Amino acid sequence: MNRQAKFKTPRRGPAKKALNNQKDPVGVYCRVRPLGAEEEECCIEVISSSTIQLHTPEGFKVNRNGEFKETQYTFKKVFGVSVSQMELFEHVAKPLVDDLIHGKNGLLFTYGVTGSGKTFTMTGTPGQGGLLPRSLDMIFNSIGPYQAKRYVFKTDDKNGMDIQCEVDALLERQRRDNNLIIPKTPSSRQKTDPDIADMIKSEEATKGDGVDEDGSYSVFVSYIEIYNNYIYDLLEETQEDAIKPKWNGGGTPVRQNTEFIPPQSKILREDQNHNMYVAGCMEVEVKSAEEAFQVFWRGQKKRKVANTRLNRESSRSHSVFIIKLAQAPLDADGDNVLQDKNQVSVGQLCLVDLAGSERTGRTGAEGTRIREAGNINQSLLNLRTCIEILRENQMCGTNRMVPYRDSKVTHLFKNYFDGEGKVRMVVCVNPKADDYEETLLVMRFAEMTQEVEVARPVDRPICGFTPGRRHRNQAFKEELSRKLEECGGPTDRGYHAAHEPDVSSARGCLSLPPLPSSEVTDAHDDITLPRLIEALQDRQRIRRMLMQDYSESATKLKSVLQKVDSNLVSNENFIHEQNGKLAEKDRVIQDNKVEIERLEKRARMQEHKIDILQKTTKIYEDDKRSLQQELETREQRLQRELSEKRRMENRMHGVVSDTQHKWEKECERRVNAVQLEMQNKLWVKDEKFKQLKAIVAEGKTPGRPDPPPRQTQPQPKRPSREERQRDEPQHQHQPQPAKRSASPSPISTTTPVRPLHRRSHSAGGGKWVDHKPPSNLDLGTVLQPVIPNAIQVSHPSEKALSKCDRYVLTHQEVASDGEIQTKLIKGEVMKTRGGGQAVQFTDIETLRQELTTAVGRKRKSSEGAPRNGGETDGAWTDVETRCSVALENRAGSNMGPGYEHHGITKRRKP
């Protein structure tokens, strides 16, 4: 149990909270870089001092309908291409430097696409210094006369600051100077790098207001970079590990081998105030702007840069330049720094140059560059995510955890977003059309960042010492030096000489009479010694008088000081009482502010809910309108389908009734045809029997027989034309071609059949349009169609079709046997929705004419040979060969329904 308790992690105290609830939004500024070439297309236009507009370049479509879209973005201030570095510093960085002098923290970072001018904005060029050198110049111009000696302020390893006395600081300086391998010379100090020479012009120097004259200041700088999510110290000296040299046979070293040790990554830690810092980072104390910028430039040369397709010196890491300003009040005498660590105030200003987001397809990155670009984009994405969650927590009242630890950049600066200082961002954009897509994303992120509020930093407590101590101490030293110079004493005595006992003597000598000549010419000189003794006695008397006056003045001064102290105590009591009342008022105000903030947060939450409900209501209304429209459309479609269904039902009822009626007629016709066929067969058999009987009777009589009597058997009655028209159905299906053959009939004693025209299937009810082209030939055969109640036309017209409901086209062509073949193409006339007529073809009837040669019938063996070698009068052929036959079949069937006509054979003459 004891072992487990030994390794138990201690509980961490609560995080430090801001003492006030006043918040300020993140200040976002925009700077537009000039175009590289005049012929390039520009996609950014500065409309006003706070608004810019983005134009979609040609060939880039934003909306789905292919329209171009222009968007506007508003910032705290927009700097165009003609804005100088000085003007940019006045609006952006100068307020942060003023806060730094007053002990407050600040964060300033540049953000944008690669090649948009971030490094130029932060660093600048000779003659056009950026934000960093101008900030250093302003700091040292403000605190120059009030800087402490070197090593009076000393940094510890836990992000804190210690104070050393003058003696310890002197010893520290001597030890550091002795450890230097190359001593500094005045000439070496005057040498500056030509790349950073004359960064700031003398007329552009600025100075801060409100510097505490009774304080002592010291500046410390550090420079780090975040490369591939690792932190490296750019000010760390390059180390070489000496390896044991190799020796040859003669005992002399061959060469001095050294191995380069790469810089090690640093880690982030949290101090006792829960602020993040880089552990083990080198912090250099500087005493001038030139020295500070030399340190910065020394680290800038070690920064990771590379040449890409878009930028010749593209930053491959995020650089962070940290300026710490330590300040402590002077003691009551106004001479030395107060040796109290609790009275030390440290302000910090972080100047961050973020690496630009880039697309590897445009930069042409390969290998290591792709990994660098991926880490850069991932860290910027984490920064955007943290900003989005902060904005959501503040606007919607949620309490989501902000993922600061996902990236070193956000983890290092989490204290600033939690209320440890002001945050400013400079968005640098390139107006060329190639960067439009990346610039659009940058603008959206910058617009969202403006909505994040950061708690206002708290003012540092006021020291209880009397103000103006430094000035009074300086005046006293000057007056003491002047008096000592007048009385012939040393003028270079320190301040502590004023507290020695001979100070009053020095002041008393000013009013003592001069000594007489003390030259003794003789041993018995009684004049010089008594005169000297008398002068010394006078001087002693005057000295006593001065000492008495001094004591009286000291007594009076003590009484005055006592009165002042009593008044001061009473004033302090009154001030304490007033401070108590003020604290009560502050608590009431604080409670009211908390309540107001709670109500404002609740109001924002309700407004957010109202917006959501309004959007939901709008969505529901749109859905309702669309559903109503769809319902109306479906109802109309259903009504049309119902009307179409009723129309089709009526039509089908009519078709069914017509079909039923036609089939009834067809059945009746078939029955009549079968009856007629049977009657014809019976009649033929009767005729054959009669002829056979007559032949037999003739064979019995020797003479010529008398002609047989006329047939008294009733002949089958031929149906009339009206009956045939009634019995013949109106065919609507395509029939098989009707074959018509004609053969010469032999001489017969029967009554000749009167040739009648065959009725076409087109005959019947309904009105027809008989379309016969002028080129058709009139054959005059038996099977010519006769269509009553028809309109004959040579060219069909809409007027003729509107009056009829049936249509037939007569078409003639030459068959393969050389005979003319006639086709009757039939159809129904239907009305269209547009008010016209359309023909739907349903039947094709084919008529052909053939000439056949009759073959003679052989005489049967029972009939015997003809007498006298000639042909008898009773020679005859079969009835089937003497009859014209017409066959008619339906389309799609082999045999029926159809009927076969047999002509009535002619009677032979007796």
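Residues numbered from 1 in each chain as written. Predicted model: local features only at pLDDT ≥ 70, side-chain atom pairs only at ≥ 80, totals over all residues. Heavy atoms only, no water.

Undergrad: I would appreciate a short explanation of the nonpolar core in the present structure.
TA: Generally speaking, soluble globular proteins have nonpolar side chains that are buried together. Residues Ile52, Phe75 and Phe413 are the most contacted members of the largest nonpolar core, which totals 55 residues. Excluding its chain neighbours within four sequence positions, the residues that come into contact with isoleucine 52 are Cys30, Ile44, Glu45, Val46, Ile47, Thr71, Gln72, Tyr73, Phe75, Val78 and Met443. Among the nonpolar cores identified, the runner-up in size contains 44 residues, and Leu88, Ile101, Leu235 and Ala292 belong to it. (Core = buried A, V, L, I, M, F, W, Y, C linked by side-chain atoms within 4.5 Å. Buried < 20%, exposed > 50% of the residue type's maximum accessible area, 1.4 Å probe, protein only. Contact = heavy atoms within 4.5 Å.)

Undergrad: How should the pattern of salt bridges be read in this particular structure?
TA: Two side chains bearing opposite charge may form a pair once their charged atoms approach each other closely. According to the stated counting rule, one finds 31 salt bridges in the structure shown. Where glutamate 630 meets arginine 634, a salt bridge forms, and the shortest distance between an N and an O atom there is 2.7 Å. Taken together, the residues glutamate 630 and arginine 634, both in helix H16 (residues 528-700) and four residues apart, mark about one turn of the helix. The structure contains a network of salt bridges with shared partners spanning Asp156, Asp162 and Lys341. (Salt bridge = Lys/Arg side-chain N within 4 Å of Asp/Glu carboxyl O. Helix = DSSP H or I, 4+ residues; strand = E, 2+ residues; numbered from the N terminus.)

Undergrad: Can you walk me through the side chain of asparagine 393 in this structure?
TA: Its place among the elements puts asparagine 393 in helix H10 (residues 368-396). With sequence-adjacent residues up to four places away left out, asparagine 393 is seen in contact with Thr398, Asn399, Arg400 and Val402.

Undergrad: I would appreciate a short explanation of the pairing of strand S4 (residues 51-54) in the present structure.
TA: Consecutive side chains along a regular strand alternate between the two faces of the sheet. Neither face of S4 is left uncovered, since the one carrying Thr51 and Gln53 and the one carrying Ile52 and Leu54 both have all their residues buried. Relative to S4, strand S3 (residues 44-46) runs antiparallel, the two being bridged by three bridges. Bridge pairing in S4 places isoleucine 44 opposite leucine 54. Between S3 and S4, which pair antiparallel and follow one another directly, the connecting turn spans four residues. Looking at chain direction, S4 and strand S5 (residues 71-74) are connected through four bridges and run antiparallel. Looking at the pairing, threonine 51 lines up with threonine 74 of S5. (Pairing = 2+ DSSP bridges.)

Undergrad: For this particular structure, what's the right way to read the environment of glutamate 358?
TA: With respect to the helices and strands, glutamate 358 occurs in the loop between strand S24 (345-353) and helix H9 (360-363). Sequence separation of glutamate 358 and alanine 373 is 15 residues, and the distance between their C-alpha atoms is 6.8 Å.

Undergrad: What should I look at first to understand the side chain of threonine 206 in this one?
TA: With respect to the helices and strands, the residue threonine 206 is situated in the loop between helix H7 (186-190) and strand S12 (215-227). Here threonine 206 is in contact with Met86, Phe89, Glu90, Asp137, Met138 and Asn141, once residues within four sequence places are set aside.

Undergrad: Would you mind going over unusual backbone geometry with me for this structure?
TA: Generally, phi is negative for residues other than glycine and the peptide bonds are trans, each holding for most cases. For tyrosine 151, which is not a glycine, the phi torsion comes out positive at approximately 70°. With respect to the helices, strands and loops of the structure, tyrosine 151 is situated in the loop between helix H5 (131-143) and strand S10 (153-155). For asparagine 159, which is not a glycine, the phi torsion comes out positive at approximately 60°. Relative to the assigned elements, asparagine 159 resides in the loop between S10 and strand S11 (161-163).

Undergrad: Sorry if this is basic, but what is going on with a nonpolar patch on the surface here?
TA: A contiguous nonpolar patch, built from Leu557, Val560, Leu561 and Val564 and spanning about 340 Å² of accessible area, is present on the exposed surface. When you line up the elements, valine 560 lands in helix H16. (Patch = residues over 30% accessible without salt bridge, like charges linked within 9 Å, V, L, I, M, F, W, Y side chains within 5 Å. Areas by Shrake-Rupley, 256 points an atom, 1.4 Å probe, with all protein chains shown as cover.)

Undergrad: Even after reading the chapter, I still don't get the state of the cysteines, so can you show me in this structure?
TA: A disulfide bridge is the covalent bond that connects two cysteines by way of their sulfur atoms. Evaluation of the coordinates by the stated rule reveals zero disulfides. In this structure cysteine 30 is a free cysteine whose sulfur lies 8.0 Å from that of cysteine 428, the closest cysteine sulfur available. (Disulfide = S-S within 2.5 Å.)

Undergrad: Sorry if this is basic, but what is going on with the environment of threonine 123 here?
TA: Inspection of the secondary structure puts threonine 123 in the loop between helix H4 (118-122) and strand S8 (124-125). Remark: the alpha-carbon pair of threonine 123 and aspartate 353, spanning 230 residues in sequence, is separated by 9.1 Å. Beyond its immediate stretch of four places on either side in the chain, threonine 123 contacts Gly129, Gly130, Pro133, Met199, Phe293, Phe296 and Trp297.

Undergrad: Help me out: how do you make sense of the environment of glutamine 22 in this one?
TA: Counting through the fold element by element, glutamine 22 comes out in the loop between helix H1 (2-6) and strand S1 (23-25). When the C-alpha positions of glutamine 22 and proline 457 are compared, they lie 8.7 Å apart, and in sequence the two are 435 residues distant.

Undergrad: How should the packing of aromatic side chains be read in this particular structure?
TA: Two measures describe an aromatic ring pair: the distance that separates the ring centres and the angle between the ring planes. If you walk through the whole model with that rule in mind, you get nine aromatic pairs. Taken together through their ring pairs, the aromatic side chains of Tyr223, Phe293, Phe296, Trp297 and Phe321 make up a single cluster. (Phe/Tyr/Trp six-rings, centres within 6.5 Å; stacked < 30°, edge-to-face > 60°.)

Undergrad: Could you clarify how one ought to interpret the pairing of strand S13 (residues 230-233) in this entry?
TA: Sheet topology note: the S12/S13 ladder contains four bridges and is antiparallel. Along S13, the bridge assignment pairs isoleucine 226 with isoleucine 231. Here S12 hands over to S13 after two residues, with asparagine 228 in that stretch at a positive phi of 55°.

Undergrad: I'm lost on helix H8 (residues 289-300) in this one. Help?
TA: The end-to-end C-alpha distance of H8, which contains 12 residues, comes to 16 Å, matching closely the 16 Å that a straight helix rising 1.5 Å per residue would cover. In the core, the buried residues of H8 are packed alongside H5, S12, strand S20 (284-286) and strand S23 (318-329). (Expected span 1.5 Å × (residues − 1).)

Undergrad: Any chance you could explain the confidence of the model for the protein here in plain terms?
TA: Low-pLDDT stretches of the model should not have their predicted coordinates read in fine detail. Confidence along the protein averages 76 in pLDDT terms, with 70% of residues attaining 70 or more. Note on residues 1-19: pLDDT is under 50 here. Beyond four places in sequence and across chains, it has 12 contacts. A low-confidence stretch, residues 181-190 stays under pLDDT 50, and its non-local contacts, those more than four residues away or across chains, total one contact. (pLDDT = per-residue confidence, 0-100.)

Undergrad: Is there a simple way to explain the packing of helix H3 (residues 94-101) against H5 in this structure?
TA: Direction vectors running N to C along H3 and H5 enclose 40°, while the axes themselves pass 10 Å from each other. On the basis of their axis angle, the class for H3 and H5 is oblique. Crossing hand, H3 versus H5: right-handed. Contact residues: H3 offers Lys94, Val97, Asp98, Leu100 and Ile101, while H5 offers Ser135, Met138, Ile139 and Ser142. For the contact of H3 with H5, the class distribution of residues is five nonpolar, two polar and two charged. (Axes fitted to C-alpha atoms, helices over the stretch in contact; angles between N-to-C directions. Parallel < 35°, antiparallel > 145°, perpendicular 65-115°, else oblique. Left-handed = near helix turned anticlockwise from the far one by under 90°. Nonpolar A, V, L, I, M, F, W, Y, C, P; charged D, E, K, R; others polar.)

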